[in-house]
Amino acid sequence: MCIRDSQLCGAHLAALATKLIDIDDLRVDFDSLVGNVVRVAAMGYYIGNNFVIKRNSTDMNPISVNILQIPRDQKKEIFQKCGDIRAGCKLVIFGTVMKQNFRNEFFALSIEWK
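If you're wondering where the values come from, they're calculated on a predicted model, not measured in any experiment.

Undergrad: Before we go on, may I ask you to explain the overall build of the protein in this structure?
TA: When its secondary structure is counted, the protein shows four helices and six strands. The secondary structure elements of the protein, listed N-terminal to C-terminal, are α-β-α-α-β-β-β-α-β-β. Taking all 114 residues of the protein together, the buried fraction comes to 41%. The contacts of the protein with a sequence gap of at least 6 include a subset with a gap of at least 24, amounting to 56%. With the model as given, the accessible surface of the protein reaches about 6900 Å², and the carbon-plus-sulfur share is 53%.

Written out as structure tokens, the structure reads:
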């Protein structure tokens, strides 16, 4: 994986070195984490052409995830694994905490499946 795509390799190595936090820590510390790269453990849901992370299917406070920068194969896995709104998919996302248009948003760089 690292031999073919040096950008992906860098993201993978950085993900390994980044501390893992859960989604509740991300919510509580969101403002202080803006601009930082973190790894977040959560449940992912692909709903109506949007990807969000939540604690579970009943969590009413999703965080929007921008998946434009992740590799094609990971996007395809999201479509295949995370489309069931009841089940979702268990994952760890490596990415940057951002605010876009006054909204909390997480820009994914890579995804690990759990």
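From this point, the discussion proceeds with the structure in view.
Undergrad: Is there a simple way to explain the state of the cysteines in this structure?
TA: According to the stated counting rule, one finds one disulfide in the structure shown. Paired through a disulfide, cysteine 82 and cysteine 89 show a sulfur-sulfur distance of 1.8 Å. Handedness here is read from the sign of the S-S torsion; for cysteine 82 and cysteine 89, about 80 degrees, the answer is right-handed.

Undergrad: Even after reading the chapter, I still don't get the side chain of aspartate 59, so can you show me in this structure?
TA: Along the chain, aspartate 59 turns up in the loop between strand E3 (50-54) and strand E4 (63-66). Using a relative accessible area of 6% as the deciding quantity, one classes aspartate 59 as buried. Within polar-contact distance, the side chain of aspartate 59 engages the backbone nitrogen of asparagine 61 at 2.9 Å. The residues touching aspartate 59, leaving out its near neighbours within four places in the chain, are Arg27 and Lys54.

Undergrad: Can you walk me through the pairing of E4 in this structure?
TA: As a general feature of sheets, a regular strand has side chains that alternate between the two faces. Residues Ile63 and Val65 line one face of E4 and the alternating positions Ser64 and Asn66 line the opposite face, and both faces are buried. Relative to E4, E3 runs antiparallel, the two being bridged by three bridges. Across the sheet, residue phenylalanine 51 finds its bridge partner in E4, namely valine 65. With three bridges connecting them, E4 and strand E6 (residues 103-113) associate as parallel partners. In the strand pairing of E6, asparagine 66 is matched with phenylalanine 107.

Rules used throughout
Sequence positions are assigned chain by chain, starting from 1 and proceeding in written order. In view of the model being predicted, local features appear only for residues whose pLDDT reaches at least 70, and side-chain atom pairs are presented and counted only at 80 or more, with totals across whole chains, interfaces and linings using the full set of residues. Hydrogen atoms and water are omitted, and side-chain values are computed over all heavy atoms in the structure. The way it works is that DSSP assigns letters per residue, a run of H or I at least four long becomes a helix, a run of E at least two long becomes a strand, and they are numbered from the N terminus. For the exposure calls, accessible area comes from a 1.4 Å probe over protein chains only, and a residue counts as buried if that area is under 20% of its type's maximum, exposed if over 50%, partly exposed in between. When checking whether two residues touch, look at their non-hydrogen atoms; a contact exists if any pair is within 4.5 Å. Computed with a 1.4 Å probe, the accessible areas rest on the Shrake-Rupley method; for each residue, only the protein chains presented here act as cover. To count as a disulfide, a pair of cysteine sulfur atoms needs to be within 2.5 Å. Pairs of N or O atoms within 3.5 Å make up the polar contacts considered here, provided that, within protein, one atom can donate a hydrogen while the other can accept it, and that residues adjacent in sequence are counted only when both atoms are side-chain atoms. At least two bridges found by DSSP between two strands are what make those strands a pair.

It is worth stressing that arrangement in space is one thing and function is another; only the former is reported here.
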